[in-house]
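A structural walkthrough
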Amino acid sequence: MDSSPSSDYADFSVSGLVELQSGSFVSVWMYAQDDIKFTVSSQSGFSCVQLETASGFGADLASSQSVASSVWTEVVGWETAGAGGRAGLFALGVGFDASTGRFTASLDALYFAAVHLATLSADNVEAVLAVNAAVDRASVLSSPPLESDSLGLTGMISMGAGDYLSVMIRSP
């Protein structure tokens, strides 16, 4: 049996932060320029959470980072302000250290986390969003090894005050 998805299959994800005013709404809309008929699978998902927080960040990697190892490597050197009109970069509060790439929790809480990684010259890549660099912990968000030039992880992670979250990557 062929386990490859059919050529008619498409999978994509949209995630991010949005500020809403009272009475505003968020909904999912689909459009296919060349198809007038398609099916949205029952395996689809949609989520939204109201965040009331004094800390958070939106960052881009300041420069490419080489990884030539099967050992987990922490992705470092992020920036929360940039040139060229890049939208979505910000730092709120003191929880994020851009140089180490670590976000430190100020409270015991459930945190929303997301990362998008674009890779160059990768044959096989695996990534995790790890609490305290514990890549084998049950609560990490992880990807299976992918033969792709990009991957994304998004979800909720339970963290205690003083725990830190970082992006770890390797080539298994």
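Shown above is the structure to which this text applies.
So, here's what we can say about the structure.

With that settled, the discussion passes to the overall build of the protein chain. Scanning the protein chain for helices and strands turns up zero helices and 12 strands. Walking the protein chain from its N terminus toward its C terminus, one meets helices and strands in the order β-β-β-β-β-β-β-β-β-β-β-β. Considering the protein chain as a whole, with its 172 residues, one finds that 24% of them fall into the buried category. In the protein chain, the share of contacts with a sequence separation of at least 24, taken over all contacts with a separation of at least 6, comes to 64%. Summed over its atoms, the accessible surface of the protein chain is roughly 12,400 Å², and 52% of this surface lies on carbon and sulfur atoms.

Next up on the list: the environment of Ala59. As for its position among the elements, Ala59 is in the loop between strand S1 (56-58) and strand S2 (60-61). Sequence separation of Ala59 and Thr80 is 21 residues, and the distance between their C-alpha atoms is 4.5 Å. Setting aside residues up to four positions removed in sequence, Ala59 forms contacts with Trp78, Glu79, Thr80, Leu89 and Phe96.

This next bit is on the packing of aromatic side chains. Throughout the structure, instances matching the rule amount to three aromatic pairs. Ring centres of Phe57 and Phe103 lie 5.8 Å apart, and the angle between their planes is 35°; on these two criteria the pair is classed as tilted. Of the two residues, Phe57 sits in strand S1 while Phe103 sits in strand S7 (residues 102-104), which places them 46 residues apart along the sequence. When the ring of Phe103 is compared with that of Tyr111, the centres are 5.8 Å apart and the planes differ by 65°; the resulting orientation is edge-to-face. Phe103 sits in the buried class, given a relative accessible area of 8%. Each residue in the set Phe57, Phe96, Phe103 and Tyr111 is aromatic and connected to the rest through ring pairs, giving one cluster.

What counts as what
- Residues numbered from 1 in each chain as written.
- Predicted model: local features only at pLDDT ≥ 70, side-chain atom pairs only at ≥ 80, totals over all residues.
- Heavy atoms only, no water.
- Helix = DSSP H or I, 4+ residues; strand = E, 2+ residues; numbered from the N terminus.
- Buried < 20%, exposed > 50% of the residue type's maximum accessible area, 1.4 Å probe, protein only.
- Contact = heavy atoms within 4.5 Å.
- Areas by Shrake-Rupley, 256 points an atom, 1.4 Å probe, with all protein chains shown as cover.
- Phe/Tyr/Trp six-rings, centres within 6.5 Å; stacked < 30°, edge-to-face > 60°.

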